[in-house]
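An overview of the molecular structure
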Amino acid sequence: MNRPPQPDEYGAYFGKYIALAGDGPILPFLEDQRRSVHAWLGTIPDDKGTTRYAPDKWSLKQVVGHMIDTERIMSYRALCIARGETAPLPGFDQDGYVREANFDALSMEQLRSQFDAVRRATLSLLASLPEEAWSRVGNANHNRVTVRALAYIIAGHLQHHVNLIRSRYMAESSA
């Protein structure tokens, strides 16, 4: 748990997310990220929430909602694999999830609250795992993946989208 996953613990696509999670212990990173992103989301006014950086791109609220949904899914995968699940876990259509969620109807405060609840649940799950569970291997969306890799993917995926929001939606803000 106190080291990043090795490349044979995840599909190559996820390397970009794992790199954004740093090379230290993941639980303190996830908690620091929870605090900073929760505070930062509180600075984004509701009227910016439906901003799109291009006509065919998700709104800022949709990106935040996608971050939340993806963490829920990755955390569920970590739970399944940690508990010894051997059945392949399905992928998900991120565009379909965003389309059906109606995130733009939620306030930024509602999304902020959801993010905090989901991250706290993720932290609670990961902190409760026995050491041997972190190296358990499963199959998610046709990729071999360990629980350790999923924890780093959760952190890196969120950081990827925070960086995207900062650069494309509101360059003057920071998290």
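As shown above, the structure is provided for reference.
Rules of the game
- Residues numbered from 1 in each chain as written.
- Predicted model: local features only at pLDDT ≥ 70, side-chain atom pairs only at ≥ 80, totals over all residues.
- Heavy atoms only, no water.
- Core = buried A, V, L, I, M, F, W, Y, C linked by side-chain atoms within 4.5 Å.
- Buried < 20%, exposed > 50% of the residue type's maximum accessible area, 1.4 Å probe, protein only.
- Helix = DSSP H or I, 4+ residues; strand = E, 2+ residues; numbered from the N terminus.
- Expected span 1.5 Å × (residues − 1).
- Arc of directions from axis to C-beta.
- Phe/Tyr/Trp six-rings, centres within 6.5 Å; stacked < 30°, edge-to-face > 60°.
- Polar contact = N/O pair within 3.5 Å; in protein donor to acceptor, adjacent residues only side chain to side chain.
- Contact = heavy atoms within 4.5 Å.
- Axes fitted to C-alpha atoms, helices over the stretch in contact; angles between N-to-C directions.
- Parallel < 35°, antiparallel > 145°, perpendicular 65-115°, else oblique.
- Left-handed = near helix turned anticlockwise from the far one by under 90°.
- Nonpolar A, V, L, I, M, F, W, Y, C, P; charged D, E, K, R; others polar.
- Salt bridge = Lys/Arg side-chain N within 4 Å of Asp/Glu carboxyl O.

**With respect to the nonpolar core**
Among the nonpolar cores identified, the biggest contains 30 residues, and Ile26, Leu30, Leu129, Trp134, Val145 and Ile153 are the most heavily contacted of them. Breaking this core down by element, the ones donating at least two residues are helix H1 (15–20), helix H2 (26–41), helix H3 (60–82), helix H5 (108–128) and helix H6 (147–169).

**A closer look at H2**
Its 16 residues place the ends of H2 22 Å apart at the C-alpha level, agreeing with the 22 Å of an ideal helix rising 1.5 Å per residue. Where H2 is concerned, the buried positions are Ile26, Leu27, Leu30, Gln33, Arg34, Val37, Trp40 and Leu41. All buried residues of H2 lie within an arc of 155° about the axis, which places them on one face of the element.

**A few points about the packing of aromatic side chains**
Scanning the model with the defined rule gives 5 aromatic pairs in all. Residues tyrosine 13 and phenylalanine 14 carry aromatic rings whose centres are separated by 5.2 Å and whose planes lie at 85° to one another, so their mutual orientation is edge-to-face. Take phenylalanine 14: its relative accessible area is 14%, and that puts it in the buried class. Ring geometry for tyrosine 53 versus tyrosine 169: centroids 5.2 Å apart, planes at 85°, classification edge-to-face. Remark: tyrosine 169 occurs in helix H6 and tyrosine 53 occurs in the loop between H2 and H3; sequence separation between them is 116 residues. Residue classification places tyrosine 169 among the buried residues on the basis of a relative accessible area of 8%. Taken together, the aromatic side chains of Tyr13, Phe14 and Tyr17 make up a single cluster linked through ring pairs.

**A short note on the side chain of threonine 146**
Here threonine 146 is to be found in strand E2 (residues 143–146). Reaching out from threonine 146, the side chain makes a polar contact with the side chain of glutamate 9 at a distance of 2.7 Å. Excluding residues within four positions of it along the chain, threonine 146 makes contact with Glu9, Trp134, Ser135, Arg136 and Val137.

**What to know about the packing of H5 against H6**
Packing of H5 against H6 brings their axes to within 12 Å, and their N-to-C directions diverge by 160°. Judged on the interaxial angle alone, H6 and H5 are roughly antiparallel. For H5 against H6, the interelement crossing comes out left-handed. Here Phe115, Arg119, Thr122 and Leu126 of H5 lie close against H6, whose contacting residues are Ala151, Ile154 and Leu158. Across the contact of H5 with H6, the residue classes break down as 5 nonpolar, 1 polar and 1 charged.

**Structural notes on the pattern of salt bridges**
A full pass over the atoms with the stated rule returns 12 salt bridges. Two residues, arginine 3 and glutamate 9, come together in a salt bridge whose shortest N-O distance is 3.6 Å. Given the relative accessible area of 38%, arginine 3 is considered partly exposed. The closest approach of N and O atoms between glutamate 109 and arginine 112, which form a salt bridge, is 3.1 Å. In this pair, glutamate 109 and arginine 112 are both assigned in helix H5, 3 residues apart and thus about one turn of the helix distant. Owing to a relative accessible area of 45%, glutamate 109 belongs among the partly exposed residues under this scheme. Since its relative accessible area comes to 17%, arginine 112 is described here as buried. The network of salt bridges with common partners includes Glu31, Asp32, Arg34, Arg35, Asp116 and Arg120.

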